[in-house]
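# Overview (structure and organization)
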Amino acid sequence: MRCQFTTGLDHDALARRVIEIFHSRGEDFSRHRLAIKEQVILTMELLRNNLSQIFLADLLDISQPTTSRIYRRMLLVIDEALTFTGISFEEAASDGRVILIDGT
């Protein structure tokens with residue numbers, strides 16, 4: 001999955017921003033089974049492809065409750081990370097970029 005179409009950032013760039021946010025909060029993820037990048041990918045897969053949590057849990061060899069905790073935690077941080085992309089709507093439109101607009 002290429003999250004750049006959804007977020008404007010590739011997995012590595014998005015993961016770096018997420019790590020910066022967690023470090024600024026003093027949170028440590030050294031004991032977690034999945035690396036931050038894998039947690040970002042898991043969350044993006046759930047959002048973009050509407051996969052079930054149990055399916056991704058089985059795929060990553062983790063439990064469904066762990067998948068749910070990762071999703072809830074990462075969703076807020078990814079949202080915060082994307083807030084600081086630093087590009088205005090007008091700039092994105094003038095660059096000819098694809099702009100996704102949620103109609104809900």
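See the structure shown above.
Below: a short report on this structure.

So, how was this worked out
- Residues numbered from 1 in each chain as written.
- Predicted model: local features only at pLDDT ≥ 70, side-chain atom pairs only at ≥ 80, totals over all residues.
- Heavy atoms only, no water.
- Core = buried A, V, L, I, M, F, W, Y, C linked by side-chain atoms within 4.5 Å.
- Buried < 20%, exposed > 50% of the residue type's maximum accessible area, 1.4 Å probe, protein only.
- Helix = DSSP H or I, 4+ residues; strand = E, 2+ residues; numbered from the N terminus.
- Contact = heavy atoms within 4.5 Å.
- Axes fitted to C-alpha atoms, helices over the stretch in contact; angles between N-to-C directions.
- Parallel < 35°, antiparallel > 145°, perpendicular 65-115°, else oblique.
- Left-handed = near helix turned anticlockwise from the far one by under 90°.
- Nonpolar A, V, L, I, M, F, W, Y, C, P; charged D, E, K, R; others polar.

### Quick look at the nonpolar core
Val 18, Val 40, Leu 42, Met 74 and Ile 78 are the most contacted members of the largest nonpolar core, which has 19 residues in total. For this core, the secondary structure elements donating two or more residues are helix 2 (11–24), helix 3 (36–49), helix 4 (53–60) and helix 5 (64–83). Beyond its immediate sequence surroundings of up to four residues, Met 74 is in contact with Val 18, Phe 22, Ile 36, Gln 39, Val 40 and Thr 43.

### A short note on the packing of helix 3 against helix 4
At a minimum axis distance of 11 Å, the contact between helix 3 and helix 4 shows a crossing angle of 150°. One finds that helix 3 runs roughly antiparallel with respect to helix 4. Considering only the axes of helix 3 and helix 4, their crossing is right-handed. For the pair helix 3 and helix 4, contact is made by Leu 42, Glu 45 and Leu 46 and by Gln 53, Leu 56 and Leu 60, respectively. Within the contact of helix 3 with helix 4, the residues separate by chemical class into four nonpolar, one polar and one charged.

### Re the packing of helix 4 against helix 5
At a minimum axis separation of 8 Å, helix 4 and helix 5 run at an interaxial angle of 105°. Comparing their axes, helix 5 and helix 4 come out roughly perpendicular. Touching Gln 53, Ile 54 and Ala 57 of helix 4 are Gln 64, Thr 67, Ser 68 and Tyr 71, all from helix 5. The residue makeup of the contact of helix 4 with helix 5, split by class, is three nonpolar, four polar and no charged.

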